[in-house]
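Report on the structure
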Amino acid sequence: MSDNVSVAIKEKVAHLLNRRVGPYNSWNPVSRTQVWQWCTAMGDNNPLYLDDEYRQDTEFDDVTAPPTMMQMWSMRDAQGNYAPGSTDKNPYELLSVLEDNGYAGIMAVSYDQTFHRYLQEGERVHHYTTLVNMTDLKTTGMGKGFFVTEFAEFLTEDEEKFAEAVITYFQYETPKKQPGAKKPGSDIQKITRVHPVENYDNAHFWQGLRDGKLLIQKCDSCATLRHPPQPMCSECQSLNWSTIEASGKGSIYTYTVMHYPEIPPFDYPNAIALIELEEGVRIATQLTDIKPNDIKIGMDVEMVLTEVQDDMTLPLFGPIGSASAAKKKQEQQS
Amino acid sequence: MSISRKTAIVGIGATEFSKDSGRTEMQLACEAVKAALDDAGLKGSDIDGMATFSMDNSWENEVLRQVGGKELKFFSRTEFGGGAACGPFVHAATAISSGLCETVVIYRALNERSGLRFGSGQLFNNNPMDPNIINFSHYFPYGFMTPAAWIAFSARRYMHEFGATSEDFGRVAVSMRDFAATNPKAFFYQRPITLEEHQASRMIADPLRLYDCCQESDGAVAFVVTSAERAKDLANTPALIASARQSIVKDSRMMTPFYGESISGIPEFDACAGEIYSMAGLSPDDIDMACLYDHFSPWVLPQLEAFGFCDRGEAKDFVKDGHISRGGKLPVNTHGGQLGEAYIHGMNGIAEAVRQIRGTSVNQAGDVNRVLITAGAGVPTGAAILEKA
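Conventions adopted
Residues numbered from 1 in each chain as written. Chains lettered and ligands numbered in written order. Predicted model: local features only at pLDDT ≥ 70, side-chain atom pairs only at ≥ 80, totals over all residues. Heavy atoms only, no water. Helix = DSSP H or I, 4+ residues; strand = E, 2+ residues; numbered from the N terminus. Buried < 20%, exposed > 50% of the residue type's maximum accessible area, 1.4 Å probe, protein only. Areas by Shrake-Rupley, 256 points an atom, 1.4 Å probe, with all protein chains shown as cover. Lys, Arg positive; Asp, Glu negative; His and termini not counted. Charge placed at Lys NZ, Arg CZ, Asp CG, Glu CD. Rg over C-alpha atoms; globule rule 2.2 N^0.38 Å. Contact = heavy atoms within 4.5 Å. Buried area = accessible area lost by both parts, 1.4 Å probe. Salt bridge = Lys/Arg side-chain N within 4 Å of Asp/Glu carboxyl O. Polar contact = N/O pair within 3.5 Å; in protein donor to acceptor, adjacent residues only side chain to side chain. Pairing = 2+ DSSP bridges. Axes fitted to C-alpha atoms, helices over the stretch in contact; angles between N-to-C directions. Arc of directions from axis to C-beta. Expected span 1.5 Å × (residues − 1). Phe/Tyr/Trp six-rings, centres within 6.5 Å; stacked < 30°, edge-to-face > 60°. Lys NZ or Arg CZ within 6 Å of the ring centre and 35° of its normal. Domains from an automatic or database assignment.

Once that is clear, we can look at the overall build of chain A. When helices and strands are tallied, chain A shows 7 helices and 16 strands. Considering only C-alpha atoms, chain A reaches an extent of 85 × 65 × 45 Å along its principal axes. Residues classed as buried in chain A amount to 41% of the 334 residues present. When the accessible surface of chain A is totalled, it reaches about 18,600 Å², and 48% of it is carbon and sulfur. For chain A, the distance from the average position of its 30 positive side-chain charges to the average position of its 47 negative side-chain charges is 8 Å.

Below, the structure written as structure tokens:
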């Protein structure tokens, strides 16, 4: 049966193979701005591209574009439009036909690039593309589908080929939707804060927060307080300990405001402080209800025990008054 | 029995430093070890000991087999990230001078940029047996999860207690980038920065700006350490290990030393500096240059203080007066440091110390006889003095 499907579809698209489509023109000439944007986004620091001084010792006089930018110059804009003067033919009509016949999944399989020469600032380029091959129906780990190979030619204004590429796609049959099936993306897990890892030594601390208390370890033998939790007292080596509930009052010993990298799910800037609790131990935490510029070493703060997500309560700290404000807000909501 | 001057670094080797090595850490390790052996004029079969970082992913047996080795009598690892940069030399010197073995290869290979980036906030797993995770559990839930942010706590205290400013940190970065600019091996070769550019660079974790932070790099560095006796028969000028020590103090933590009486200094270096000098019979005045661990520029300052080049809180003036810069009385990180050359967990700095002693650095600081080297700050760490034989 596969053979029949294969034959039928191949007949349908035969006229779309080996058809050179183009030109697809460039929106802009090769420019320093775009080269810089690319290099900074890709982390490509090759001095050949933008370092005018470096280039004096090379054969290149002007800003030189990274070869891998080849495809970028004549690609569609963000609205999907090709530059003026481009053909209005759809280069990927064959892929659309496959899609309409149930082969809607697409995966890039390989992308072999050949670069013939560097582009220099001011050059205008265009490209042509030809779908050169389509296999019979194949069965892979992704399902059944066709391998389609595209040959792209990248040309300068005087039709000099500066780069070419052979790209292979696998266009495959996607599973039929079941009634009541999940919406696409609905099984993507929401990024949440990482959970502390609990063990015999520290579980009391995290359980305390779930119970609405900030607990500090206290040595049963010499009464020394300690945080973060550890099993043995540093002062007297006793293994016996209990906890006291912290008042939640303290002052900022030091702080930082995190700007980069922005790691989900946190909001940035993210103000973090080391709080000296009035009981005498320090605890690192997030600040709340305060502008970064208002944070000062030595300022008094108080705990705002906060359910930061469904399964996590943390002892955030804010300026005096934050705790009662948070409480009032909570009462209004309930 | 002292280990002082009983052993020497006789070979150094490295791969190129990059943002994407395109090969495994294992290959990088083998390449660097082979280069270090070649540099020493030795063969794989001459190795009978190895030392590296606990964090290194390349096992000793695998490296040994590939570099033509036959047997190891001694191998050791050192914990605590970049704090491990001096430990392997302590171990090698101890093992060799006690007769356990004769020739130790030390290596560190990492794809820190193309692989797991330490600054990405991804250093977490759910293994309750992992001491890193038990420690980090008190910080990650708040988003307090990058080395720059952890270091910022101390940098902020240092500013508060001694009146230092972001510009004082910036001068460290400017100096390192100046050295890197004339080091073709450096990532920032020919790319110096000005203090104005430092001040204009974006905030990463206040008060740390982009140019206060080291790079993230792929690469490997390796060394050959052997007895001072055997070193005499080899081609290179030996870099004697005049002193070397590891250091953990009561308040040491893994990247989060927030609970000691003072957090503006580096208590591990305060604790070991005296012995680093006395073991070698030297004083700060005898040191010609230094390769100090510079993951973040603010923590170069308290290192200068701990090792007695200036008084507590005065490193900002020492730096401002140009003493750590090109032509200064104590040039620091003439290869460009981890801020300018590459982040190979401090090992590229130790290689530079050896080149300075040999007189082969691209930024040679005159006739260098003695170099102070340090491992990571903010973690259990170590230090050493290398000396021209």
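On to the overall build of chain B. Scanning chain B from N- to C-terminus turns up 13 helices and 11 strands. Scaling as 2.2 N^0.38, a compact globule of 389 residues should have a C-alpha radius of gyration of about 21 Å, and chain B matches this with 19 Å. Overall, the C-alpha framework of chain B stretches about 55 × 50 × 40 Å when taken along its three principal axes. Residue burial in chain B is summarised as follows: out of 389 residues, 66% are buried. Considering only contacts within chain B whose residues lie at least 6 apart along the sequence, 75% involve residues at least 24 apart. Total accessible area on chain B is roughly 13,000 Å²; 50% of this is exposed by carbon and sulfur atoms. Side chains of chain B carry 35 positive and 46 negative charges; the gap between the two charge centres is 2 Å.

Quick look at the interface of chain B and chain A now. Listed per partner, the contact involves 43 residues of chain B and 41 residues of chain A. Interface of chain B and chain A: buried area, both sides summed, is about 3,500 Å²; carbon and sulfur atoms make up 62% of it. In this structure, the connection of chain B to chain A is made through 1 salt bridge. Put simply, Lys-250 of chain B and Glu-235 of chain A hold a salt bridge, and the shortest N to O gap is 2.9 Å. For the pair chain B and chain A, the number of links is 14 residue pairs in polar contact (both at pLDDT 80 or more). Counting residues per element, the ones that place at least two in the side of chain B that touches chain A are helix H4 (131–136), helix H5 (147–162) and strand E5 (203–206) of chain B.

Now for the sheet that holds strand E1 (residues 7–14) of chain B. Residue and element names in this part refer to chain B. The strand order across the open sheet formed by 9 strands is E3-E2-E4-E7-E1-E8-E11-E10-E9, and the pairing between neighbours is mixed. Strands at the two margins of the open sheet, each flanked by one partner only, are strand E3 (74–78) and strand E9 (289–291). The mean inter-strand angle of the sheet, taken between neighbouring strand axes irrespective of direction, is 25°. One ladder, built from 2 bridges, connects E1 with strand E8 (residues 239–247); its direction is antiparallel. When the sheet's bridge partners are listed, Ala-8 is paired in E8 with Leu-240. Contacting E8, strand E10 (370–374) and strand E11 (381–388), helix H9 (residues 267–280) runs over the sheet at an angle of about 150° to E8.

All names here are of chain A. For helix H5 (residues 93–100), the set of buried residues is Leu-94, Leu-95, Val-97 and Leu-98. Within H5, the buried residues cover an arc of 155° as seen down the axis, which keeps them to one side. A positive backbone phi angle near 100° is found at Gly-102, which sits one or two residues after H5.

For helix H7 (residues 322–333) of chain A, spanning 12 residues, the distance from its first C-alpha to its last is 16 Å, which sits close to the expected 16 Å at 1.5 Å a residue. Burial runs low along H7 of chain A: only 1 of the 12 residues are buried.

Residue and element names in this part refer to chain A. For strand E7 (residues 143–156), a buried count of 10 out of 14 residues is recorded, marking the element as mostly surrounded by other parts of the structure. The turn linking strand E6 (residues 138–140) back onto E7 is made up of 2 residues. Note that E7 and strand E8 (residues 161–172) share 11 bridges and pair antiparallel. Considered in E8, the bridge of Val-148 is made with Tyr-169.

All names here are of chain A. Pairing in this open sheet of 3 strands is antiparallel, and the strands run E10-E9-E11 from one edge to the other. Across the chains shown, the open sheet's two edge strands, defined by having one partner strand only, are strand E10 (225–226) and strand E11 (241–245). Two elements, strand E9 (residues 215–219) and E11, share 5 bridges in a ladder whose sense is antiparallel. Directly across from Cys-219, in E11, lies its bridge partner Trp-241. Of the strands in this sheet, E9 and E11 touch helix H6 (residues 203–210), which is tilted by about 140° from E9.

Moving on: the packing of aromatic side chains. For any two aromatic rings, the description comes down to two numbers: the centre-to-centre distance and the angle of the planes. In this structure the tally under the stated criterion is 22 aromatic pairs over all chains. Seen in terms of ring centroids, Phe-89 of chain B and Phe-223 of chain B are 5.0 Å apart; in terms of plane orientation they differ by 80°. Their pairing is edge-to-face. Placement of Phe-89 of chain B in helix H3 (residues 87–97) and of Phe-223 of chain B in strand E7 (residues 218–227) is noted, with a sequence separation of 134 residues between them. Residue placement shows Arg-20 of chain A over the ring face of Tyr-128 of chain A; its charged tip is 3.9 Å from the ring centre. The lysine or arginine in question, Arg-282 of chain A, covers the ring of Tyr-253 of chain A, its NZ or CZ lying 3.9 Å from the ring centre.

The subject of this paragraph is the pairing of strand E2 (residues 49–53) of chain B. All names here are of chain B. Across the 5 residues that make up E2, a large majority, 5, are buried. Note: E2 against E3, 5 bridges, orientation parallel. The partner of Gly-49 across the bridge, within E3, is Phe-74.

A few words now on the domain arrangement of chain A. Residues and elements named next belong to chain A. Examined at the domain level, chain A breaks down into domain 1 (2–172), domain 2 (194–245) and domain 3 (248–324). Taken over C-alpha atoms, the centre of domain 2 sits 21 Å from the centre of domain 3. Of the residues lining the interface, 15 residues belong to domain 2; the matching set on domain 3 comes to 14 residues. On inspection of domain 2 and its partner domain 3, the count reaches 0 salt bridges.

The next point concerns unusual backbone geometry. Residue and element names in this part refer to chain A. With an omega of -5°, the peptide bond running from His-227 to Pro-228 counts as cis. In this structure, Pro-228 sits in the loop between E10 and E11. Even without being a glycine, Asn-18 presents a positive backbone phi close to 55°. Structurally, Asn-18 can be placed in the loop between helix H1 (2–13) and strand E1 (20–25). The exposure class assigned to Asn-18 is exposed, which follows from its relative accessible area of 55%. Even without glycine at this site, Asp-289 takes up a positive phi of about 55°. Locating Asp-289 in the fold gives a position in the loop between strand E14 (282–286) and strand E15 (300–309).

Further remarks concern the environment of Gly-248 of chain A. Residues and elements named next belong to chain A. Take Gly-248: it is sitting in the loop between E11 and strand E12 (249–258). Overall, the relative accessible area of 3% leaves Gly-248 in the buried class. Between the alpha carbons of Gly-248 and Glu-278 there is a distance of 8.0 Å; along the sequence they are 30 residues apart. Here Gly-248 is in contact with Val-301, Glu-302, Met-303 and Phe-317, once residues within four sequence places are set aside.

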